[in-house]
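# Coordinates in review
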Amino acid sequence: MRGSRLVALGHYQPAKVLTNDDLAELVDTSDEWISSRVGIRTRHVAGPDEPVDELAAHAGAKALAGAGLSPADIDLVLVATSTAVDRSPNTAARVATRLGMGSPAVLDLNVVCAGFTHALATADSLVRTGTATRALVIGADKMTAVTDWTDRSTCVLVGDGAGAAVVEASEDELIGPVLWGSVPEMGHAVRIEGSPPVFAQEGQSVYRWATTQLPPIARQVCERAGLTPEDLAAVVLHQANLRIIEPVARKIGAVNAVIARDVVVSGNTSAASIPMALSKLVERGEIRTGDPVLLFGFGGNLSYAGQVVRCP
């Protein structure tokens, strides 16, 4: 079996920005209350005429451009999302249509906040075995469309966006082995349920689980990649809440790593959060080609998945 690698990244966010002060006009909250509890200051909000597949296609187009590829070079499109409205055509098929692709395989994955790292692991496996030649992997969510804007415990958290990566075969293993799993009996702690669907969560349960159970799992991800946490150049956790990201990163022990904190300006964008944060770190030059980066998604279903990748 051959290896695989990240070739290029891309991200996209809607133009409209919602500040904490804007939210204070909708619900009983304030900039100080939100900042002190979740660390978020702004988030991007898609309009009613901006569906999830449009966000995904913008990010995918940017990743393709960065890789110097045409849409015809892609034979697999994987989109991680939990906020697509329609069942068929799925989001991946609509992205392929928007980008003018030929005849790629098109798959959607719904693992909520851990969706991108699950999708990346899936693409890695398919490219390694030769089932796919080159994959476009996207995390995209429109969380504001499933939000109760009268519930201050959840509406202050969410934002919209998409992040994408191009994956292709490599002689070396530049996408490390995945470690994934879930806690099914606690799946009720994060929900997008009902008709119309609404996002809800048990915040304290998620906080306790994430800050106590996830750091040792993340260290195992590093072990599978043959590294120690001290070797990492960056850590990109699901951008759920700054008060989760900072203690988890500290407990992992990545003392030399840049810690992604995109949640401050983007909010919780579910499956989009990891590829979007990674793409921004690369774009700003905060990490360099070949640097080892820990990606670790967690959340809905109380699922988790992580791998160490080399920066494109």
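This report concerns the structure included in the present document. Values in this document were obtained by computation on a predicted structure and should not be read as measured data.

### Observations regarding the sheet that holds strand β5 (residues 105-109)
- Spatial ordering of the open sheet is given by β1-β7-β6-β4-β5, a layout of five strands whose pairing is mixed. Both edges of this open sheet fall to β1 (3-12) and β5, since each of them pairs with a single strand only. Averaged over all adjacent pairs, the angle separating strand axes in this sheet is 20°, with direction ignored.
- Seen against the sheet, helix α10 (residues 273-283) touches β1, β6 (134-142) and β7 (160-170) and runs at an angle of roughly 90° to β1.

### So, the pattern of salt bridges
- If you walk through the whole model with that rule in mind, you get 16 salt bridges.
- A salt bridge links glutamate 168 to arginine 134, with the shortest nitrogen-to-oxygen separation between them at 2.9 Å. With glutamate 168 in strand β7 and arginine 134 in strand β6, the pair connects residues that are 34 residues apart, well separated along the chain.
- Assessed through its relative accessible area of 14%, glutamate 168 is described here as buried.
- Ionic contacts of the salt-bridge type, sharing partners, join the residues Arg5, Arg134 and Glu168 into one network.

### As for the layout of surface pockets
- In this structure, the largest pocket spans a volume of roughly 730 Å³.
- What lines the largest pocket is a set of 35 residues, among which Ser82, Thr83, Ala84, Val85 and Arg87 lie closest to the centre.
- Of the residues in the lining of the largest pocket, the class split is 14 nonpolar, 11 polar and 10 charged.
- A volume near 460 Å³ is recorded for the second largest pocket.
- What lines the second largest pocket is a set of 25 residues, and nearest its centre among them are Val38, Leu157, Gln201, Gly203 and Asn241.
- Residue assignment for the lining of the second largest pocket shows that the elements contributing at least two residues are α2 (31-38), α6 (152-155), β10 (198-201), α7 (203-224), α8 (242-252) and β13 (292-299).
- No other element matches the four residues that α7 contributes to the lining of the second largest pocket.

The rules we used
- Residues numbered from 1 in each chain as written.
- Predicted model: local features only at pLDDT ≥ 70, side-chain atom pairs only at ≥ 80, totals over all residues.
- Heavy atoms only, no water.
- Pairing = 2+ DSSP bridges.
- Helix = DSSP H or I, 4+ residues; strand = E, 2+ residues; numbered from the N terminus.
- Axes fitted to C-alpha atoms, helices over the stretch in contact; angles between N-to-C directions.
- Contact = heavy atoms within 4.5 Å.
- Salt bridge = Lys/Arg side-chain N within 4 Å of Asp/Glu carboxyl O.
- Buried < 20%, exposed > 50% of the residue type's maximum accessible area, 1.4 Å probe, protein only.
- 1 Å grid on protein atoms, 1.4 Å probe; cavity = no way out; pocket = protein on both sides within 12 Å on 5 of 7 lines; lining within 4 Å.
- Points joined across faces, edges and corners; volume = space filled by probe spheres on them.
- Nonpolar A, V, L, I, M, F, W, Y, C, P; charged D, E, K, R; others polar.

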